[in-house]
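Understanding the architecture of this molecule
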Amino acid sequence: KQEVTQIPAALSVPEGENLVLNCSFTDSAIYNLQWFRQDPGKGLTSLLLIQSSQREQTSGRLNASLDKSSGRSTLYIAASQPGDSATYLCAVVQGGGADGLTFGKGTHLIIQP
Amino acid sequence: DAGVTQSPTHLIKTRGQHVTLRCSPISGHKSVSWYQQVLGQGPQFIFQYYEKEERGRGNFPDRFSARQFPNYSSELNVNALLLGDSALYLCASRSQGAYAKTQYFGPGTRLLVL
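Attention here is on the structure that accompanies the text. Keep in mind it's a predicted model, so treat the numbers as computed, not measured. (Residues numbered from 1 in each chain as written. Chains lettered and ligands numbered in written order. Predicted model: local features only at pLDDT ≥ 70, side-chain atom pairs only at ≥ 80, totals over all residues. Heavy atoms only, no water.)

Description of the overall build of chain A
On a plain count of helices and strands, chain A comes out with 0 helices and 11 strands. What you see in chain A, going N to C, is helices and strands ordered as β-β-β-β-β-β-β-β-β-β-β. The C-alpha radius of gyration computed for chain A amounts to 13 Å, which stays within 12% of the reference 13 Å derived for 113 residues, consistent with globular compactness. Viewed in the frame of its principal axes, chain A has a C-alpha envelope of about 45 × 30 × 20 Å. When each of the 113 residues of chain A is scored for burial, the buried share is 44%. Sequence-distant contacts, at least 24 apart, represent 55% of the contacts inside chain A between residues at least 6 apart. On chain A, roughly 5200 Å² of surface is accessible, and the fraction owed to carbon and sulfur atoms is 49%. Distance between charge centres in chain A, computed from 8 positive and 9 negative side chains, equals 3 Å. (Helix = DSSP H or I, 4+ residues; strand = E, 2+ residues; numbered from the N terminus. Rg over C-alpha atoms; globule rule 2.2 N^0.38 Å. Buried < 20%, exposed > 50% of the residue type's maximum accessible area, 1.4 Å probe, protein only. Contact = heavy atoms within 4.5 Å. Areas by Shrake-Rupley, 256 points an atom, 1.4 Å probe, with all protein chains shown as cover. Lys, Arg positive; Asp, Glu negative; His and termini not counted. Charge placed at Lys NZ, Arg CZ, Asp CG, Glu CD.)

Structure (structure tokens):
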């Protein structure tokens with residue numbers, strides 16, 4: 001059974017810092033990995049999707065990397081802003097795809113002004 | 001284009017009752033999935049539908065059921081509600097059934113069971 005772990009569970013940093021969020025998964029037979037953002041009490045916003053054949057994806061100040069063989073992904077946020085404060089969730093899809101996304105518990109990020 | 005929409009936004013029920021949650025996918029998207037998110041946890045997969053057929057089911061009891069309509073909208077039904085069913089229920093859609101595609105989530109329905 002696939003398990004996704006996110007470290008740290010919570011993180012508080014001053015505005016302007018660069019930061020890294022970590023995600024690990026136990027079964028490397030994934031089809032893709034997706035990073036989401038969730039604001040309190042809201043739905044999920046897709047940030048980046050990395051196919052299993054890719055090493056990284058970039059969108060603006062966000063960069064996500066994938067090391068499938070070691071079961072790890074990182075989300076790098078450059079020049080953090082207070083508006084980046086949210087919970088960040090990592091999720092994977094297995095090769096068959098029929099089981100939907102398997103999520104981690106998320107990293108709760110606070111950017112101090 | 002409108003995103004994924006869900007109704008109602010909030011719902012309060014008592015134990016033993018039945019509930020129906022509704023989801024409309026992004027226009028052109030044929031695949032709809034349902035997730036349950038308990039406070040402090042990541043979402044858990046319940047169902048996936050594509051072209052009105054169930055294509056995947058998570059580890060949830062038979063009290064949970066769903067269906068997809070010809071216009072690709074979907075309903076999630078939960079019978080004999082338990083206190084533990086209190087959660088945010090999220091619907092996601094993607095184009096076709098290809099799991100290579102990004103899933104887009106709705107705002108969710110928050111269900112409270114008393």
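Next comes the rest of the write-up.
Observations regarding the interface of chain A and chain B
Interface size is often expressed as the accessible area that is lost when the parts come together. Across the boundary between the two partners, chain A contributes 24 residues, which contact 23 residues of chain B. Summed over both sides, the interface between chain A and chain B buries roughly 1700 Å², with carbon and sulfur atoms accounting for 53% of that surface. At the surface where chain A touches chain B, the tally comes to 2 residue pairs in polar contact (both at pLDDT 80 or more). Broken down by secondary-structure element, the contributors of at least two residues to the side of chain A that touches chain B are β4 (30-38), β5 (44-51), β9 (86-94) and β10 (101-103) of chain A. Among the elements that take part in the side of chain A that touches chain B, β4 of chain A stands out by supplying 5 residues, more than any other. Tallied by class, the residues present in the side of chain A that touches chain B amount to 9 nonpolar, 12 polar and 3 charged. (Buried area = accessible area lost by both parts, 1.4 Å probe. Polar contact = N/O pair within 3.5 Å; in protein donor to acceptor, adjacent residues only side chain to side chain. Nonpolar A, V, L, I, M, F, W, Y, C, P; charged D, E, K, R; others polar.)

Here we look at the sheet that holds strand β3 (residues 19-24) of chain B
Residues and elements named next belong to chain B. Spatial ordering of the open sheet is given by β1-β3-β8-β7, a layout of 4 strands whose pairing is antiparallel. In the strand order of this sheet, the two ends are held by β1 (5-7) and β7 (64-68), each with one partner. Direction aside, neighbouring strands of the sheet carry axes that sit 15 degrees apart on average. Pairing analysis gives 5 bridges linking β3 to strand β8 (residues 74-78), with the strands arranged antiparallel. From the neighbouring strand, R22 faces β8, where its bridge partner is E75. (Pairing = 2+ DSSP bridges. Axes fitted to C-alpha atoms, helices over the stretch in contact; angles between N-to-C directions.)

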